[in-house]
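Summary of structural features
Chain by chain, the residues run as shown.
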Amino acid sequence: MSITVGVDLGARSYDIHVGRGLLERGGALAAPLLGEKRVFLVTDEVVAPLHAARLEAGFAAAGIAVNRIVLPAGEQTKTWSELGRLLDRLLDLRPERRSVLVALGGGVVGDITGLAASLLLRGVDFIQAPTTLLAQVDSAVGGKTAVDAPQGKNLIGSFHQPRLVLCDLDALATLPHRELAAGYAEVVKYGLLGDAAFFEWCEAHAAALLAGDDGARAHAVAESCRAKARIVGADEREAGQRALLNLGHTFAHAFETAAGYGDALLHGEAVGFGMCLAFDLSVELGLCPPEDAARVRRHVAAVGLPTGLPQGEWRIDRLLALMAQDKKARGGLTFILARGIGDAFVAHDVPAEPVRRLLAAIGAS
Ligand code: GLY
C-alpha cells in the first residue's frame, strides 16, 4: 500500500510514492520511464550497506542492470570537486542521453546526483529514492539540485526535476534519532508556513512519529509532499511563493556555513532553530503575536531539536554578511517572516539592527 502524490508541471510532471517496501518495488515503478535496461545508482558509503541491495534486487527482478557508484557520506561531499569526480565516474561507464541516474540516500546524495544529471550529456533523467526524513519531505521533491561553495550553501546548482520519487518509509527505520528529529523540522515547516491545522497535527503526533509509528510517518511525509507539490507546481523556479519553503533558512544557512557544514549542526537542526528565530524576528518587528513564537519554540524544544547555537565562535558581522549573500537576497536582508502560525510571507530589505540584536541575544558577538 502506498500513497501517490502528483507534482503537476506539465511535461515535467511526476509522481511521488509514499509507503513501505518501495525500494523493492523501485524497479517495477521505474521500468516504464527507462530508455535502456540499466540505471546508474548513486549512493553513499553509509546508505549503500543498509538499502542498496533491496533497490538493486527490485531492478534485477525487472530485468534492469545497476551500475553502483558510492560517494563519501556527509555534507562535505556536496562540493564542486566531488561533483567533478562523480561526473568522471559516470562518463567512464559510457552513459547515453537516455540513461537514468538513481539517487539513493539523503539530501546530499539527492542534491549532487540531481546536479550531475542536469549536466551529464547536457541533461539526463534521474529518480530520487530518499532514505532520510529530510529528503523525503523536502529535498528530493521539487527539482532543486546543488553543491555548496565556500561562499555559501547550495550556491552552485540547477532546477532539474526528477522523473519519480520513492519515499520508502522502511528506510526511516535505520535512521539515527538525531537525523530523524532534524528531518522532522522540515515537516513542521509546512505547518508553520501555511497550514495552522497541520502544525496542530504535528504538536499532537510528533512523539508517535519520532517513536516509529508508521501511520504518523506516512501522514507526515504525504502531507509534506502534497504541500511542497502545490507550491512547486505554482512556482517551480522560485519567482515568488516557493521562497516560503525557506522559512528559517536564512538563519540556518548562515549558521551552517559559519560552522563549516560539519556535524556540530545538522541542516534540519539549523532549520528548526532558524524557524524559532524567524518567528522571534517577526515578533520583534511587530508582525506576529509573541504567543505564536513561544509555541513554535516549545514544539521545537519538545522534539529534542536545539533552540540555541552549539559551542563556538559566532561572529555577528560574519553571520550578517552570509545572510546578505543568501540566494533570496536582493541587495539587503531577506527573510521569511510570519504574521502568525500558518501565515508566512517573504520580506525583503529587513533592517539589520533587529537581526543584530537577535544574534547578540543568542550568544553571537
Ligand atoms: N527546499 C526548498 C525548496 O525546495 O524550494
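As a starting point, this report considers the structure included with it. (Residues numbered from 1 in each chain as written. Predicted model: local features only at pLDDT ≥ 70, side-chain atom pairs only at ≥ 80, totals over all residues. Heavy atoms only, no water.)

Section: the pattern of salt bridges
- Taken as a whole and judged by the stated rule, the model has 28 salt bridges.
- The residue Glu223 makes a salt bridge to Arg226 at a minimum N-O spacing of 2.7 Å. Of the two residues, Glu223 and Arg226 both sit in helix H8 (residues 214-234), 3 residues apart, roughly one turn of that helix.
- Assessed through its relative accessible area of 32%, Arg226 is described here as partly exposed.
- One salt bridge in this structure joins Glu284 and Arg357, with 2.8 Å as the shortest N-O distance. Placement of the pair is Glu284 in helix H10 (residues 267-284) and Arg357 in helix H13 (residues 352-361), with a sequence separation of 73 residues.
- Looking at Glu284, the relative accessible area reads 39%, which means it is partly exposed.
- Each of Glu75, Lys78, Asp111, Asp148, Lys153 and Glu256 takes part in one network of salt bridges that share partners. (Salt bridge = Lys/Arg side-chain N within 4 Å of Asp/Glu carboxyl O. Helix = DSSP H or I, 4+ residues; strand = E, 2+ residues; numbered from the N terminus. Buried < 20%, exposed > 50% of the residue type's maximum accessible area, 1.4 Å probe, protein only.)

Some thoughts on helix H6 (residues 177-194)
- A rise of 1.5 Å per residue sets the reference length of H6, with its 18 residues, at 26 Å; its end C-alpha atoms lie 27 Å apart and thus fit the reference within 8%.
- Most of H6 is tucked away: 14 of the 18 residues are buried. (Expected span 1.5 Å × (residues − 1).)

Considerations on the packing of H10 against helix H11 (residues 290-302)
- Axis separation between H10 and H11 bottoms out at 9 Å; the angle between their running directions is 170 degrees. The angle between H10 and H11 falls in the class roughly antiparallel. Two secondary-structure elements touch here, H10 through Gly272, Phe273, Met275, Cys276, Leu277, Phe279, Asp280 and Val283 and H11 through Pro290, Asp292, Ala293, Val296, Arg297 and Val300.
- Looking at the contact of H10 with H11, its residues break down into 10 nonpolar, 1 polar and 3 charged. (Axes fitted to C-alpha atoms, helices over the stretch in contact; angles between N-to-C directions. Parallel < 35°, antiparallel > 145°, perpendicular 65-115°, else oblique. Contact = heavy atoms within 4.5 Å. Nonpolar A, V, L, I, M, F, W, Y, C, P; charged D, E, K, R; others polar.)

What to know about the pairing of strand S4 (residues 65-71)
- Relative to S4, strand S3 (residues 38-44) runs parallel, the two sharing 7 bridges. Residue pairing across strands places Val39 opposite Val66, the latter belonging to S4. (Pairing = 2+ DSSP bridges.)

Overview of the side chain of His253
- Residue placement: His253 occurs in helix H9 (residues 249-258).
- Beyond its immediate sequence surroundings of up to four residues, His253 is in contact with Lys153, Asn154, His267, Asp326 and Lys327.

Observations regarding the site of the ligand
- Residues in contact with the ligand, as listed here, are Asp138, Lys144, Lys228, Glu238, Arg242 and Leu245.
- Between a nitrogen atom of the ligand and a side-chain N or O atom of Asp138, the distance comes to 3.1 Å.
- A distance of 2.9 Å separates an oxygen atom of the ligand from a polar atom in the side chain of Lys144.
- Looking at the shell around the ligand, its residues break down into 1 nonpolar, no polar and 5 charged. (Near = heavy atom within 4 Å. Polar contact = N/O pair within 3.5 Å; in protein donor to acceptor, adjacent residues only side chain to side chain.)

Geometric values such as these leave the question of function open.
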